[in-house]
Amino acid sequence: MTAFTVNGQEVRFEGEPRTHLADFLREDMGLTATHLGCEHGVCGACTLVKDGRPVRSCITYAAACEGAEIRTLEDFRDDPLMARIRAAFKEHHGLQCGFCTPGMLATAYDIATRLPDADEARIREELSGNLCRCTGYMGIVAAIRAVLAEGPHARPETPARAPQIGRASFGRPASPAPAAAAPGPAPGSTRGLPRPLTGATVLAREIALPLPAAEVWAVLGDIRKVAACLPGAAVERVEDGIADGSFTTRIGPMKAAFRGTAHVSYDTEAMTGRVAGQGGDAGSRSSAQGEIGFALAGDGPEACRLSCEIGYRLTGPLAQLGRPAIVAGIVDRMLEDFTANIAAAARGDAPAVAAPPGIAGLILAALRNILPGKRDGGEAS
């Protein structure tokens, strides 16, 4: 296990030792500003900043980054110097197809902060590890010279950032944590920190239950019971608001067993909760991020309404098995089974659905998602 920071967020890498940093960033973290070209350390498209210096992430093993501080282009979004470099690239026509641009920008940033007096020959020497097949380099060199002409640029200190724990569902701004919320990890903990779920597909379902809200919340308020209601899911350990577990599913002949961690938060008074997790399947080298948000509202002493929202992002070979509509249908089937099992558990009955759907169930779910019409038990969107 290797611990390091990416854009101020503490992460842990537990994959294969041969996994290079660029693949980890793109496939596991969804940071696609890091481009992959030759994957031999020659073209420089994958250049990013490691411990304050530009490196080629395609020949840097993720397992060798213990204690390192990694910054990708996403982390420079609000950096004033990088903003000036981007503007200069635009002014001097320093980009065309844009494939080499992330690596060029990382190198240009290093030149501007480390070599404020560099002349054209030195700039070209520093750029020799970044190949461009479009521009002929004239515009890129002119852009960097224009930035240097403005005066020296001190390398800024990397801003301190708190780990991103307790974010609101699906990227919305976080609200103050309620007093009744489950405690999160201690400051500096790296286990189970959820990443921002960017580019997610979000589905929602709402069902009416002829049960008192308190009885349903007795299930929802226990993460182990919640996991037992999601076919294929299992929780092995819960500590300080962090759950370790697994999720197993099968699509035709392919079986995937995702292992990972999730951050769990509850507001007992409002009867709402959120589970945000991430994990990977070693067999297929696929990764998944997911969030489940749920809210319970009383409709009287003997009735309540359960609203569930699930967001997911799948990367790797498994993400290529079907079109988005088909994958959405599969997840919607899981959400339907989840809400049915919550109702069964609240009544004290055995799970309505005890196993992940087989291939026939997945095909049916996909067709139900593609064809118009109202689904049983509520509507998914």
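Heads up: these notes are all about the structure in this document. Every value quoted in this text rests on a predicted model; they were computed, and no experiment measured them. What you see as residue numbers is a count from 1 along each chain, following the sequence as written. In view of the model being predicted, local features appear only for residues whose pLDDT reaches at least 70, and side-chain atom pairs are presented and counted only at 80 or more, with totals across whole chains, interfaces and linings using the full set of residues. To get the side-chain values, all heavy atoms of the structure are used, and hydrogens and water are removed first.

**Comments concerning the packing of helix 2 (residues 80-91) against helix 3 (residues 101-114)**
Then step 1. Where helices are involved, their axes are fitted lines through C-alpha atoms of the stretch in contact, as for all axes, and angles between N-to-C directions lie from 0 to 180°. Only runs of H or I of at least four residues qualify as helices and only runs of E of at least two qualify as strands under DSSP, and these elements are numbered from the N terminus. Remark: helix 2 packs on helix 3, axes separated minimally by 10 Å, with the N-to-C direction vectors making an angle of 120 degrees. Between helix 2 and helix 3 the crossing geometry is right-handed. Contacts between helix 2 and helix 3 pair L81, M82, I85, R86 and F89 from the former with M104, L105, A108, Y109, A112 and T113 from the latter. A crossing counts as left-handed when the near helix is turned anticlockwise from the far one by less than a right angle, and as right-handed when that turn is clockwise. Contacts were defined at the residue level, with two residues in contact if any of their heavy atoms lie within 4.5 Å.

**Notes on helix 1 (residues 21-28)**
Then step 1. Only protein chains enter the area calculation, which uses a 1.4 Å probe; residues under 20% of their type maximum are buried, those over 50% are exposed, and those in between are partly exposed. Residues L21, A22, F24 and L25 constitute the buried set of helix 1. Burial along helix 1 is one-sided: seen end-on, the buried residues are contained in an arc of 165 degrees.
Then step 2. Where helix 1 is buried, its residues meet strand 1 (2-6), strand 2 (9-13), strand 3 (47-50) and strand 5 (69-71).
Then step 3. Immediately beyond the C-terminal end of helix 1, within one or two residues, lies G30, with a positive phi of roughly 70 degrees. It is the directions from the helix axis to the C-beta atoms whose arc is reported.

**A look at the nonpolar core**
Then step 1. Buried residues of nine kinds, namely Ala, Val, Leu, Ile, Met, Phe, Trp, Tyr and Cys, make up a nonpolar core once their side-chain atoms join them within 4.5 Å. The biggest cluster of nonpolar side chains holds 34 residues, and the ones touching the most others in it are V216, L220, F294, L296, L306, F338 and I342.
Then step 2. Elements with a minimum of two residues in this core: strand 6 (201-209), helix 6 (213-220), helix 7 (223-228), strand 8 (242-251), strand 9 (254-267), strand 11 (286-298), strand 12 (304-315) and helix 8 (324-347).
Then step 3. Looking at which element gives the most residues to this core, the answer is helix 8, with six residues.
Then step 4. Beyond its immediate sequence surroundings of up to four residues, F294 is in contact with W217, L220, Y266, M271, T272, G273, R274, V275, L306, S307 and C308.
Then step 5. Ranked by size, the runner-up nonpolar core spans 25 residues in total, among them I85, A88, C132 and I144.

**Quick word on the packing of aromatic side chains**
Then step 1. Aromatic rings from Phe, Tyr and Trp, taking only the six-membered ring of Trp, are treated as a pair when their centres fall within 6.5 Å; an angle between ring planes under 30 degrees marks them as stacked, one over 60 as edge-to-face, and anything in between as tilted. Under the counting rule described, the total for this entry stands at five aromatic pairs.
Then step 2. Arranged with centres 5.8 Å apart and planes meeting at 65 degrees, the rings of F4 and F24 form a pair that is edge-to-face. Taken together, the residues span a long stretch of sequence, with F4 in strand 1 and F24 in helix 1 at a distance of 20 residues. Residue F4 shares its accessibility class with F24, and that shared class is buried.

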